[in-house]
Amino acid sequence: MPSASSTPTDQPSATAAALLQARRDKLAKLHELGIDPWGQRFDNAQPVAVVRERGEGLDQTADDGPTVRVAGRIMLLRNAGRLVFLDLVDRTGRIQIMIGKKQVGPENWPVVSCLDLSDIIGIEGRLGYSNSGEMTIFASSITFLTKSLETPPDKYHGLVDTELRQRMRYLDLIHGEGVRDRFVARSRIIESIRRVLADRGYLEVEGPTLQETAGGAAARPFNTHHNALDIPLVLRIALELHLKRLLVGGMERVFELGRVYRNEGISPRHNPEFTMLEAYEAFGDYNTMMDLTEAVLLAAAEAAGAPETFSWMGHEVSLKPPFPRRRYDDLLAEVTGCDPADPTSVAAAAARHEIETTGRHPDVIKSELFEATVEKTLSGPVFVIDYPASVCPLTKRKANDPTIAERFELYVAGMELANAYTELNDPDLQEELFRTQLDGLPEDESMARMDTDFIKALRHGMPPAGGLGIGIDRLVMFLTQASSIRDVILFPIHRPHGGG
RNA sequence: GCCCCGUUAGCUCAAUUGGUUAGAGCAUCUGACUCUUAAUCAGAGGGUUCUAGGUUCGAGUCCUAGACGGGGCACCA
């Protein structure tokens, strides 16, 4: 039985305690001065960027600049006796403040000795330039807005430790180079996607995240339980099947932009929860969705401020539409030299790449061969079209060839960014495909999970339609040049630290 | 799940082949300074070297196990 006494690691070191005490002493001093260290509403503050713009036109030698009012966090503090310089940062930028003992008067000056790095203050003062030519607000009053009790990271290096950066994202956002910009870009990208879809008459909807059956993708779900109903539930792994029910319901253009959950491995390209866009358009097909994909990507790139052509993970990428469209079998033949129409030839090529072939469905073998050989050659962007039908149980087959599914995947820089189909709307074929378990695929990894409620919906009639899925996190990675998915997710999953 | 690498002060990093009391910058405290720019100058305090074992006269350094993180493989998007 573990000891009930507190472990030594619960005790802060003397350094940590002294750093904290120093700030608590200043907190107490503020109270003594009759100042609320936790501040109040602060009206009419101008964004630093606006103030800076205003300062650009000023005569640098004049001392009659306009009065401005800003609020922000103290990032640097330079104390020169009866004169203090500090760098104040708000959401729009950074500006230098000068506080002089004579200038702010005896009622303000004692407050200055209570200022620490990371405190949040409001400043009113004249905008001008310091002797060394830096744009500066010469403070006439200081308003204390919030005391910071913890020591900030190294003011020059910031927070470098990857783990700390992710667990304490708030610090990373304050101190990390470009971190804030990347998450701003993410927000703008998502905004642009909503705009593109809304402009085309799509409605945004919200499907259930708690489901009885995890359908629409090949992935292991998270299991949970509802107490009042006393039933097991799973978290959704895709948006697809409920959006298609809405097509049946006459919502002819719908999309959902939301979180899905897959109980699988973690890597620089995988987080257990991630954000998906799925969009469905009645009376369209996969060609419709290729056009939509190009529009979404172009708008997203513009929103993120990404150049039209750039290099990412060692690939040169140009987002200029139209993106090339290449048939799956053609690519496979080009790269491997096999005959995609001949299972024996495919199996022989697969064997050369040490892919297990015995007892497995020919299309599973083909699919693995494709992933092992073709994928990494796809710098893209390129639409890979017309997949082997049996690995696509939710996709309409080609009218003249039931072995080919009308599906595309968009590859950019060797990474799969989008996946789309001409949607299967034949309820009898859908039911049959749900019942079919492909040889060599464990049930967990199959999309063939029977959803009788969905089949019933299809029997009521789902219009022919195109459907599209885009992994938003990967899109953001690509457009903000991030090499890890954890750099574009604010709070990626982490194993809890020991000790509970 | 498997393989490789990392973890030293609040933060960023040193520490020779295993050898004195584990060092430095930032941060903190004391003092000086009305134009600084990672301000500077003088002084002070601050460490369970991730954890638990082991080898050794002696371990931050070597060995074993574990924790957490990073990368790769597998799986997937």
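Residues numbered from 1 in each chain as written. Chains lettered and ligands numbered in written order. Predicted model: local features only at pLDDT ≥ 70, side-chain atom pairs only at ≥ 80, totals over all residues. Heavy atoms only, no water.

Caption draft 1: Examining the packing of aromatic side chains more closely. A complete count under the given rule lists six aromatic pairs for this structure. Between the NZ or CZ atom of Arg69 and the centre of the ring of Phe42, over which it lies, the distance is 3.9 Å. In this structure, Arg407 is placed above the aromatic ring of Tyr387, and the distance from its NZ or CZ to the ring centre is 4.9 Å. (Phe/Tyr/Trp six-rings, centres within 6.5 Å; stacked < 30°, edge-to-face > 60°. Lys NZ or Arg CZ within 6 Å of the ring centre and 35° of its normal.)

Caption draft 2: View of the layout of surface pockets. Approximately 820 Å³ is the volume found for the second largest pocket. Put simply, the parts of the chain that give the lining of the second largest pocket at least two residues each are β1 (67-79), β2 (83-90), β3 (93-100), α6 (169-175) and α7 (179-199). If you tally residues by element for the lining of the second largest pocket, the top one is β1, at six residues. Split by residue class, the lining of the second largest pocket holds 16 nonpolar, ten polar and nine charged. (1 Å grid on protein atoms, 1.4 Å probe; cavity = no way out; pocket = protein on both sides within 12 Å on 5 of 7 lines; lining within 4 Å. Points joined across faces, edges and corners; volume = space filled by probe spheres on them. Helix = DSSP H or I, 4+ residues; strand = E, 2+ residues; numbered from the N terminus. Nonpolar A, V, L, I, M, F, W, Y, C, P; charged D, E, K, R; others polar.)

Caption draft 3: Local environment of empty space enclosed by the protein. Using the criterion set out here, one finds one cavity of 30 Å³ or more in the structure. One number sums up the size of the largest cavity: a volume of about 50 Å³. Among the elements that take part in the lining of the largest cavity, helix α8 (residues 240-248) stands out by supplying three residues, more than any other.

Caption draft 4: Local environment of the nonpolar core. Grouped together as the largest cluster of nonpolar side chains are 47 residues, with contacts concentrated most on Leu292, Phe408, Ile470, Leu475, Phe478 and Leu479. A per-element tally of this core places helix α9 (residues 286-303) first, with nine residues. Not counting residues up to four positions away in its chain, the partners in contact with Leu292 are Val196, Leu197, Arg200, Tyr202, Ala279 and Leu468. Within the second largest apolar cluster, 27 residues are counted, among which are Leu86, Ile97, Val104 and Val112. (Core = buried A, V, L, I, M, F, W, Y, C linked by side-chain atoms within 4.5 Å. Buried < 20%, exposed > 50% of the residue type's maximum accessible area, 1.4 Å probe, protein only. Contact = heavy atoms within 4.5 Å.)

Caption draft 5: Summary view of the sheet that holds strand β9 (residues 231-235). If you walk across this open sheet you meet the three strands as β7-β9-β8, and the pairing is antiparallel. Whereas interior strands pair on both sides, the edge strands pair on one side only; in this sheet they are β7 (210-211) and β8 (223-226). Two strands pair when backbone bridges link them, and β7 and β9 are joined in this way by two bridges, in the antiparallel orientation. Across the sheet, residue Gln211 finds its bridge partner in β9, namely Val234. (Pairing = 2+ DSSP bridges.)

Caption draft 6: Just the pairing of β1, in detail. Where β1 meets strand β4 (residues 120-129), seven bridges bridge the pair, whose relative direction is antiparallel. Considered in β4, the bridge of Gly72 is made with Ile121. Here six bridges tie β1 to β2, and the two strands are oriented antiparallel to one another. When the bridges of β2 are listed, Leu77 appears paired with Leu86. Two successive antiparallel strands, β1 and β2, enclose a turn made up of three residues, where Gly81 displays a positive phi of approximately 80 degrees.

Caption draft 7: Structural detail: α8. The set of residues buried in α8 consists of Glu240, Leu241, Leu243, Lys244, Arg245 and Leu247. Residues of α8 that are buried in the fold lie against β10 (253-261), β11 (273-282), β18 (415-422), α14 (452-459) and β19 (465-471). The positive-phi residue at the C-terminal boundary of α8 is Gly250, with phi of around 90 degrees.

Caption draft 8: Up close: the confidence of the model for chain A. In this model, chain A carries an average pLDDT of 89, and 95% of its residues clear a pLDDT of 70 or more. Every residue in residues 1-9 scores below 50 in pLDDT, and together they form one contact with partners more than four places removed in sequence or on other chains. Overall fold confidence for the complex sits at a pTM of 0.91, while the interface term, ipTM, reaches 0.90. (pLDDT = per-residue confidence, 0-100.)

Caption draft 9: Representation of the environment of Leu429 in the model. Following the sequence through the fold, Leu429 ends up in helix α13 (residues 427-435). The exposure class of Leu429 is partly exposed, given its relative accessible area of 25%. In sequence terms Leu429 and Thr162 are 267 residues apart; their C-alpha atoms lie 49 Å from each other. Discounting chain neighbours no more than four positions away, the residues touching Leu429 are Arg397 and Leu424.

Caption draft 10: Inspection of the domain arrangement of chain A at higher detail. In terms of domain boundaries, chain A breaks down into domain 1 (14-157) and domain 2 (178-324 + 380-487). Relative placement of domain 1 and domain 2: their C-alpha centres are 48 Å apart. (Domains from an automatic or database assignment.)

Caption draft 11: How the structure looks around the sheet that holds β3. Within the closed barrel, the five strands sit side by side as β1-β2-β3-β5-β4. Their pairing is mixed. Averaged over neighbouring strand pairs, the angle between their axes works out to 55 degrees when direction is ignored. Looking at chain direction, β2 and β3 are connected through eight bridges and run antiparallel. Opposite Leu86, over in β3, you have Ile97 as the bridge partner. On top of the sheet, helix α2 (residues 48-56) reaches β1, β2, β3, β4 and β5 (135-146); it is set at about 75 degrees to β3, its chief contact. (Axes fitted to C-alpha atoms, helices over the stretch in contact; angles between N-to-C directions.)

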